[in-house]
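Below, each chain spelled out in residue letters.
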Amino acid sequence: DPHHHLWDLGLNYYPWLVDEPVKAVFGPYEPIRRNYGIADLRAESRRHVLTKSVHIQTDFDPGNPVGETAWLQSVADDPASNRMPNGIVAFCNFADPDALRILEGHARYPNLRGIRHILNHHPDPVLTFTDRDFLDDAAWLDNFALLQRFDLSFDLQLYAPQMPAAARLANRYPSTQIILNHTGMPHDRSKEGIAAWRDGMRRLAACDNVACKISGLGMFDRDWSLESIRPYVLETLDAFGVARAMFASNFPVDKLFASYRDTWGAFAAIAADLSGSEREALFSANAERIYRI
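Nothing here was measured: the structure is a model prediction, and the numbers come from that model.

Asker: How should I be thinking about the side chain of N12 in this particular structure?
Answerer: Considering the arrangement of structural elements, one finds N12 in the segment before α1 (15-18). In this structure the side chain of N12 is engaged in a polar contact, spanning 3.5 Å, whose partner is the side chain of Y14. Dropping the residues within four chain positions of it, N12 is found in contact with F60 and W71.

Given below as structure tokens:
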């Protein structure tokens, strides 16, 4: 499972989970404002063979970004965790004057594999995650080069109108592995919005260093069905190919919309006509290779 989250609300500070709830892009989220640990993830996956996992940063205490990595490494080092999470994707804002120091702090932990800075920028305050579009920020773009120094990948989360700029970023840094999150976040389901998403996905897929996680589809389709998500899964596979795509849960966020079993069952049903090696790539091998676990 190359995209999940963990949190301990008594031990650590997560503003969106501890402070007053905010209006989130995925709707009300009160049911997940409680502790979620490796034991919970393993319980959710008891009907599956969960061999390895990658934890993606979770809007941890903004004053202590390295604290999340330190805590996650302690979780992975606990024998009871079965070494999970095997990979950690941490937070760093490359526009921060202390970006280098923050990356040096993260790099002290052996399970670190990458960085995610959520880049979703939108005129609608509910949909935006940032105060500006960092893909237009010169300092941020220049410091993206630090990833190569630390041999780290970048988890890319954004909306379709930002994808052309992200493709330019990928071409500027062709040696850096970029992993597009949540199927490109197709939030605009109008005819024009879907066309923009499809075009943006093709632009990113044309960059050899970009892969895509098929996940998070419940965030914009709370009552999703197999047939409602199928076109987005198939479009993504057609754009990126089986070798540069992977399925992921986004739990516990997507727990708001479906069970772990139903989420992975839907992926399995859509992939049923693929060969055994193709299914292995999508369900495990690509994640192991791309995240180096």
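That was the structure; now back to the text.
Asker: Please clarify how the sheet that holds strand β2 (residues 87-90) should be interpreted in this entry.
Answerer: Whenever strands of a sheet pair, they do so through backbone hydrogen bonds, lying parallel or antiparallel. With parallel pairing, the seven strands of this open sheet are ordered in space as β1-β2-β3-β4-β5-β6-β7. The open sheet has two edge strands, β1 (54-56) and β7 (245-247), and neither has a second partner. Pairs of neighbouring strands in the sheet enclose a mean axial angle of 25 degrees, with direction left out of account. Relative to strand β5 (residues 178-180), strand β4 (residues 153-156) runs parallel, the two being bridged by three bridges.

Asker: Please explain helix α3 (residues 65-77) as it appears in this structure.
Answerer: At 3.6 residues per turn, the α-helix brings residues three or four places apart onto the same side. Of all 13 residues that make up α3, ten are buried, and the element is covered over most of its length. Taken as a whole, α3 has its buried residues at P65, V66, G67, E68, T69, W71, L72, Q73, V75 and A76.

Asker: Is there a simple way to think about the layout of surface pockets in this case?
Answerer: Remark: the empty space left among the atoms is shown by a probe the size of a water molecule rolled over them. A volume near 990 Å³ is recorded for the largest pocket. Lining the largest pocket are 46 residues, and of these Q57, T58, D59, I118 and F129 sit closest to its centre. Contributing elements (two or more residues each) for the lining of the largest pocket: α1, α3 and α4 (99-106). The element contributing the most residues to the lining of the largest pocket is α4, with four residues. The space that makes up the second largest pocket amounts to roughly 340 Å³. D1, V49, L50, W264 and F283 are, among the 18 residues lining the second largest pocket, the residues nearest its centre. Counted by class, the lining of the second largest pocket contains ten nonpolar, five polar and three charged residues.

Asker: I tried to follow the packing of helix α7 (residues 163-172) against helix α8 (residues 191-205) on my own but got confused; where do I start?
Answerer: Relative orientation and spacing of two packed helices are given, respectively, by the angle between their axes and the distance between those axes. Viewed as axis vectors pointing N to C, α7 and α8 meet at an angle of 0 degrees, and their least axial separation amounts to 9 Å. It follows that α7 is roughly parallel to α8 by the angle criterion. Note on element contacts: α8 touches α7 through W197, G200, M201, R203 and L204, opposite M163, P164, A166 and A167. Of the residues assigned to the contact of α7 with α8, the class counts are seven nonpolar, one polar and one charged.

Calculation notes
Residues numbered from 1 in each chain as written. Predicted model: local features only at pLDDT ≥ 70, side-chain atom pairs only at ≥ 80, totals over all residues. Heavy atoms only, no water. Helix = DSSP H or I, 4+ residues; strand = E, 2+ residues; numbered from the N terminus. Polar contact = N/O pair within 3.5 Å; in protein donor to acceptor, adjacent residues only side chain to side chain. Contact = heavy atoms within 4.5 Å. Pairing = 2+ DSSP bridges. Axes fitted to C-alpha atoms, helices over the stretch in contact; angles between N-to-C directions. Buried < 20%, exposed > 50% of the residue type's maximum accessible area, 1.4 Å probe, protein only. 1 Å grid on protein atoms, 1.4 Å probe; cavity = no way out; pocket = protein on both sides within 12 Å on 5 of 7 lines; lining within 4 Å. Points joined across faces, edges and corners; volume = space filled by probe spheres on them. Nonpolar A, V, L, I, M, F, W, Y, C, P; charged D, E, K, R; others polar. Parallel < 35°, antiparallel > 145°, perpendicular 65-115°, else oblique.

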